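Structural features, examined
Residues per chain are reported as follows:
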Amino acid sequence: MRTSIRSWTPEGRPDLRLTLGPLGRGPGDPAFRMTPDGAIWRAARTPQGPGTLRITAADGVVRAQAWGDGRDWLLEALPGLLGAGDDPTPFTPRHRVVHEAHRRNPGLRLTRTGLVLESLIPAILEQKVTSDEAYRAWRLLLRRHGEPAPGPATGGPDGGMYVMPAPRQWSLIPSWEWHRAGVDNKRSSTILRAVRVAARMEEAATMDLASATARLTVIPGIGPWTAAETLQRSNGDPDALTVGDLHLPNIIGFALTGALRTDDAAMCALLAPYEGQRHRAARLILLSGRVPPRRAPRFSPRDISRI
């Protein structure tokens, strides 16, 4: 298996785990792995084909190795992936908790993958279900319908890494396989609508936030929540604030005001001073660890695969 290597010295020292962490979809994600040696592995379907990327950093230098048909594309996209296009200098903390989180996390950069479907599909899977349910569905679908990642990440005791299915492969997954993964008809139908116009979806990676959001939300079943969760990763947009989330408004409200209950409108008002950087502000607030106390039992997921 042919491999390509690249070394890159970024400005500052981006924290690999903080920057790339949002790309992982729970423990055991077949397309994303953080290993004890500090390396981060990523399997992706690029415009040139499937590829595997391994990233390490030492003494301010990032070193990457890639395998597969998509290896050159992945290495070319490396700076953007690690936040080279993200400019945090316009960001000014307006609250003490944000200031402290900003000071404690100088290596935070907003990743930009340049790939829309790989973030859009798991975001659709996460609609209206618990994270555990969505992560399980993602794992099952990739391992059963994806393809083994090129290079040394194939195999192993954990089953190895997998590249997500190509658009046509998604469209060929039978209904009982979606059911087996615990994915209801509404979410699977939304994914099928998106992959039928995959090229149009991928074009959103080069658009501004408003245009990209409009492009994604033209698909029935994709709303502002799903679009924001996608564009935060594919475009690295600092203002792609997630609205319609069950927990985020309460976390933002509690961290900034101490309120136990906050709705989307109040959250947006609180983050108005960060206009243009609202996603970055939200990331920092989440990193602060200030969350409201739990007041109700944890939600018990309903496993539709058993129905």
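For the structure given in this document, a descriptive report is provided here. (Residues numbered from 1 in each chain as written. Predicted model: local features only at pLDDT ≥ 70, side-chain atom pairs only at ≥ 80, totals over all residues. Heavy atoms only, no water.)

This part is about helix α9 (residues 185-196). Look at α9: 16 Å from first C-alpha to last across 12 residues, which is about the 16 Å you get at 1.5 Å a residue. Considered for burial, the residues of α9 that qualify are Arg-187, Ser-188, Thr-190, Ile-191, Leu-192, Ala-194 and Val-195. Its buried side turned inward, α9 meets α5 (117-125), α7 (167-171), α8 (175-180) and α10 (198-202). The opening residue of α9, the one whose side-chain oxygen lies 3.2 Å from the backbone nitrogen of Lys-186, is Asp-184. (Helix = DSSP H or I, 4+ residues; strand = E, 2+ residues; numbered from the N terminus. Expected span 1.5 Å × (residues − 1). Buried < 20%, exposed > 50% of the residue type's maximum accessible area, 1.4 Å probe, protein only. Contact = heavy atoms within 4.5 Å. Polar contact = N/O pair within 3.5 Å; in protein donor to acceptor, adjacent residues only side chain to side chain.)

The next subject is the pattern of salt bridges. Using the criterion set out here, one finds 13 salt bridges in the structure. With a closest N to O distance of 2.9 Å, Asp-239 and Arg-278 form a salt bridge. Taken together, the residues span a long stretch of sequence, with Asp-239 in the loop between α12 (224-234) and α13 (248-257) and Arg-278 in helix α15 (residues 278-288) at a distance of 39 residues. Comparing Asp-239 with Arg-278 shows no difference in burial state: the two are buried. (Salt bridge = Lys/Arg side-chain N within 4 Å of Asp/Glu carboxyl O.)

Summarising the element assignment, Thr-113 is placed in the loop between α4 (96-104) and α5. Residue Thr-113 is classed as buried on the basis of its relative accessible area of 2%. A polar atom in the side chain of Thr-113 sits 3.1 Å from the backbone nitrogen of Leu-115. In contact with Thr-113, not counting residues within four places along its chain, are Leu-23, Arg-42, Trp-73, Leu-81, Glu-118, Arg-233 and Ser-234.

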